[in-house]
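Each chain is listed here by its residues.
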Amino acid sequence: MKKIWKYLLFLMTIVIVLVVGLKFDGNLEHLLKQRTDFISNIQMGGDRITFSFESLKYYIFYITEPFALLNISGNIGLFAVFGFLACGTFLNKKTLYSCLYCSFWGIAIELIQYFTWLGFFDISDILLRFIGILIGSLIYTIVFTIIRRRNRNEQKVGEKKEA
């Protein structure tokens, strides 16, 4: 069972790096055009690094718009699944290992975007991803706590019937 968690986490890591980090949608030509457009935007005076939460405020203000909703839900949702899978993979370790693993990739994606000129290094995205990681870890903890309690109760009922 533990191998399945590892494979799923590995697959999810690849998907997150491709989809979120490289913004790859299956079309290499589109990816290269997107990079060229981004470089043109920067040459016209745009910033490549944002250490403020202005972009997050912007996305929250325009939450009903598809681009804002996609950014917020994409970062939180994907990383919630990522956090859940990491908890399953690092089962015998503390949840801290899962959070560190996911946080590493959350920051690495921003660095990948920065160094490949495919996006900004945006602190707001890192915050949204961390929120997703915490949600996924919390869901994992709750689900498997319920399952463990249910298994213990079934075991106690089985022992009483035998006695």
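Draft legend 1. Unusual backbone geometry, seen in detail. The phi dihedral of K23 is positive, around 55 degrees, even though this residue is not glycine. Mapped onto the fold, K23 is located in the loop between α1 (2-21) and α2 (28-43). Looking at K23, the relative accessible area reads 29%, which means it is partly exposed.

Draft legend 2. Highlighting the packing of α1 against helix α4 (residues 66-89). Packing of α1 against α4 brings their axes to within 8 Å, and their N-to-C directions diverge by 155 degrees. By the angle between their directions, the pair α1 and α4 is classed as roughly antiparallel. The chirality of how α1 crosses α4 is left-handed. Where α1 approaches α4, its residues K2, W5, K6, L8, L9, M12, T13, I16 and V20 are matched on the opposing element by N75, L78, F79, V81, F82, F84, L85, A86, G88 and T89. Within the contact of α1 with α4, the residues separate by chemical class into 13 nonpolar, four polar and two charged.

Draft legend 3. The arrangement of the packing of aromatic side chains in detail. On inspection of all chains with the given rule, the structure shows 18 aromatic pairs. Among the aromatic residues, those joined into a ring-pair cluster are Y58, Y59, F61, Y62 and F67. In this structure, R48 is placed above the aromatic ring of W117, and the distance from its NZ or CZ to the ring centre is 3.7 Å.

Draft legend 4. How the structure looks around α4. Compared with the 34 Å implied by 1.5 Å per residue over 24 residues, the 33 Å span of α4 between its first and last C-alpha is a close match. The axis of α4 is deflected most strongly, by about 25 degrees, at G74.

Draft legend 5. Main features of the nonpolar core. In terms of nonpolar packing, the biggest core is built from 15 residues, with I16, F79 and F82 touching the most fellow members. Elements represented by at least two residues in this core include exactly α1, α4, α5 (95-116) and α6 (123-162). In this structure, L56, Y59, A68 and L128 belong to the second largest nonpolar core, which totals five residues.

The rules behind these values
Residues numbered from 1 in each chain as written. Predicted model: local features only at pLDDT ≥ 70, side-chain atom pairs only at ≥ 80, totals over all residues. Heavy atoms only, no water. Helix = DSSP H or I, 4+ residues; strand = E, 2+ residues; numbered from the N terminus. Buried < 20%, exposed > 50% of the residue type's maximum accessible area, 1.4 Å probe, protein only. Axes fitted to C-alpha atoms, helices over the stretch in contact; angles between N-to-C directions. Parallel < 35°, antiparallel > 145°, perpendicular 65-115°, else oblique. Left-handed = near helix turned anticlockwise from the far one by under 90°. Contact = heavy atoms within 4.5 Å. Nonpolar A, V, L, I, M, F, W, Y, C, P; charged D, E, K, R; others polar. Phe/Tyr/Trp six-rings, centres within 6.5 Å; stacked < 30°, edge-to-face > 60°. Lys NZ or Arg CZ within 6 Å of the ring centre and 35° of its normal. Expected span 1.5 Å × (residues − 1). Bend = angle between axes of the 7 residues up to and from the residue. Core = buried A, V, L, I, M, F, W, Y, C linked by side-chain atoms within 4.5 Å.

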